[in-house]
Amino acid sequence: MIVLGGGVSGLTTATVLAEAGHAVEVWAAALPPNTTSNVAAAFWYPYRAFPFDRALAWAKVAYAKFVTLCDDPRAGVRMRRAYDYARTPQPRPWWADAVRGLTDLPAAECPPGFSSGWGFDAPVIDTRVYLPYLRARLEAAGGRVIQRRVTSFADAHGQDIVINCCGLGARELCDDRSLHPVRGQLVHVDNPGIDQVLLDEHDGGGIAYVVPRGDHLVLGGTAAEHDHALEIRPSEADAIVARCAALDPRLADAARRTDVVGLRPGRAAIRLEGEARGDLWIVHNYGHGGAGVTLSWGCAAEVLARVAQRLAA
């Protein structure tokens, strides 16, 4: 069978299928390190993942998997303490049942201007290491990776099953006009000594997150709907640093390394379902918004279950 897409969803799904004994090829127009997944800050947090009930089930599976991967030094996954701050009272997170170590944060433990929040244990995934690790696992299980652009499902003639993990590319492949880019800009800076994930998703002035990655930090971010631009916007970079400095003032003067932009595949609901097109059966697995890494193993497990059910029919 063919898995379309070489980002984290495609590689994870292909790995799960191959390790279950299926013959798998990945076809992708772009491969790591030239994918949106490589740009991601990549920590477990189900951002812009809908609908909540299905996303929670997938996120739980992925969280448990990332916990085990922390024990594999080849994977590039490390558990960090995360602090999700809020300036006004917020309800209990809808994803709370998926994580370990969830605690309430009183105002005294929050940065100035914040009044509450939560602490929890969050896997942080270094995509520079993790994506090659996934590919190595896939190939060790007999899977193949081929750089090839697909413009139509007819390109997969001769196949019985195709898994569509094309991310934003599914907009044209499936003529899915509900799928759209959500532009995210990030800033990489030297790490002044921060080893936790810091978050402010609740402030109407813009999102902020600080993710430690070895000797540097990834600072975010933006979430601009229907924005296709990949050019760096210096004013946005300055605003990101300013928002993150509200979480830790040392970031205001941290030496900047680089700025990056990625386009998230936004959709009102993640599409994970089967579709018959003549003799071809397609499993769609795209539209993960800002949670492609966070949901990857859970979505891949559902794809595997759907494939097994199809083959048993």
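## Side note on the overall build of the protein
Broken down by element type, the protein carries seven helices and 15 strands. Here the C-alpha radius of gyration of the protein, 19 Å, is about what a compact globule of 313 residues would show, namely 20 Å. Taken along the three principal axes of its C-alpha coordinates, the protein extends 60 × 40 × 35 Å. Counting the 313 residues in the protein, one finds 52% classified as buried. Excluding contacts between residues fewer than 6 apart, the proportion of contacts in the protein whose partners are at least 24 apart in sequence is 74%. Counting every atom, the protein has about 13100 Å² of accessible surface; 51% of that belongs to carbon and sulfur.

## Structural notes on the pairing of strand β2 (residues 25-28)
Residues Glu-25 and Trp-27 line one face of β2 and the alternating positions Val-26 and Ala-28 line the opposite face, and both faces are buried. The pairing of strand β1 (residues 2-4) with β2 spans three bridges and is parallel. Residue pairing in the sheet places Leu-4 in a bridge with Trp-27 of β2. At this point the chain moves from β1, through helix α1 (residues 8-19), to the parallel β2, and the crossover so formed is right-handed. Both β2 and strand β6 (residues 144-147) contribute to a ladder of four bridges, which runs parallel. Looking at the pairing, Val-26 lines up with Val-145 of β6.

## Some thoughts on the packing of α1 against helix α7 (residues 292-312)
Between α1 and α7, the least distance of the axes is 8 Å, while the angle of their chain directions is 40°. On the basis of the axis angle, α1 is oblique to α7. Between α1 and α7 lies a crossing whose hand is right-handed. Residues Val-8, Ser-9, Thr-12, Thr-13, Val-16 and Leu-17 of α1 touch α7, and the partners they reach there are Gly-292, Val-293, Ser-296, Trp-297, Ala-300, Val-303, Leu-304 and Val-307.

## Re the packing of aromatic side chains
A full pass over the atoms with the stated rule returns 13 aromatic pairs. Taken together, a centroid distance of 6.1 Å and an interplanar angle of 80° make the contact between Trp-44 and Trp-95 edge-to-face. With Trp-44 in the loop between α2 (36-39) and α3 (52-69) and Trp-95 in the loop between β3 (77-86) and β4 (100-105), this residue pair connects regions lying 51 residues apart in the sequence. One exposure class covers both Trp-44 and Trp-95, and it is buried. Here the aromatic rings of Trp-95 and Phe-120 are separated by 4.8 Å at their centres, their planes lie at 55°, and the arrangement is tilted. Of this pair, Trp-95 sits in the loop between β3 and β4 while Phe-120 sits in strand β5 (residues 116-125), and the two are 25 residues apart along the sequence. Linked through ring pairs, Phe-43, Trp-44, Tyr-45, Tyr-63, Trp-95, Phe-120 and Tyr-209 together constitute an aromatic cluster. Above the face of the Trp-297 ring, Lys-65 is positioned so that its terminal group lies 4.9 Å from the ring centre. Over the ring of Phe-114 we find Arg-87; its NZ or CZ atom is 4.1 Å from the centre of that ring.

## Section: the nonpolar core
Formed by 65 residues in total, the largest nonpolar core has its most connected members in Phe-43, Trp-44, Phe-66, Phe-120, Tyr-130 and Ile-163. With eight residues, α3 is the single largest residue contributor to this core. Filtering out sequence-adjacent residues up to four positions away, Phe-66 remains in contact with Trp-44, Val-77, Pro-123, Ile-125, Tyr-130, Val-293, Ser-296 and Trp-297. Among the nonpolar cores identified, the runner-up in size contains 20 residues, and Val-189, Val-210, Val-241 and Cys-244 belong to it.

## Some details on the packing of α3 against helix α4 (residues 127-140)
Where α3 contacts α4, the two axes come as close as 14 Å, and the packing angle between them is 90°. Classified by the angle between their axes, α3 and α4 sit roughly perpendicular to one another. In this structure, α3 contributes Lys-65, Phe-66 and Leu-69 to the contact, and α4 contributes Tyr-130, Tyr-133 and Arg-137. Grouping the amino acids of the contact of α3 with α4 by side-chain chemistry returns four nonpolar, no polar and two charged.

## Some thoughts on the sheet that holds β6
Within the open sheet, the six strands sit side by side as β6-β2-β1-β7-β15-β14. Their pairing is mixed. A single partner strand is all that each edge strand has here, and the edge strands are β6 and β14 (271-277). Here the strands of the sheet are splayed against their neighbours by 20° on average, with no regard to which way each runs.

## Some thoughts on α1
The periodicity of an α-helix, 3.6 residues per turn, causes residues three or four places apart in sequence to face the same way. Relative to the 16 Å expected for twelve residues at 1.5 Å per residue, α1 spans 16 Å between its end C-alpha atoms, a close match to the ideal helical length. In terms of burial, α1 is largely enclosed, as eleven of its twelve residues are buried. Among all positions of α1, only Val-8, Ser-9, Gly-10, Leu-11, Thr-12, Thr-13, Ala-14, Thr-15, Val-16, Leu-17 and Ala-18 are buried. Of the residues one or two after α1, Gly-21 is the one with positive phi, at around 105°.

The rules behind the values
- Residues numbered from 1 in each chain as written.
- Predicted model: local features only at pLDDT ≥ 70, side-chain atom pairs only at ≥ 80, totals over all residues.
- Heavy atoms only, no water.
- Helix = DSSP H or I, 4+ residues; strand = E, 2+ residues; numbered from the N terminus.
- Rg over C-alpha atoms; globule rule 2.2 N^0.38 Å.
- Buried < 20%, exposed > 50% of the residue type's maximum accessible area, 1.4 Å probe, protein only.
- Contact = heavy atoms within 4.5 Å.
- Areas by Shrake-Rupley, 256 points an atom, 1.4 Å probe, with all protein chains shown as cover.
- Pairing = 2+ DSSP bridges.
- Right-handed = clockwise from strand over helix to strand, strands pointing away.
- Axes fitted to C-alpha atoms, helices over the stretch in contact; angles between N-to-C directions.
- Parallel < 35°, antiparallel > 145°, perpendicular 65-115°, else oblique.
- Left-handed = near helix turned anticlockwise from the far one by under 90°.
- Phe/Tyr/Trp six-rings, centres within 6.5 Å; stacked < 30°, edge-to-face > 60°.
- Lys NZ or Arg CZ within 6 Å of the ring centre and 35° of its normal.
- Core = buried A, V, L, I, M, F, W, Y, C linked by side-chain atoms within 4.5 Å.
- Nonpolar A, V, L, I, M, F, W, Y, C, P; charged D, E, K, R; others polar.
- Expected span 1.5 Å × (residues − 1).

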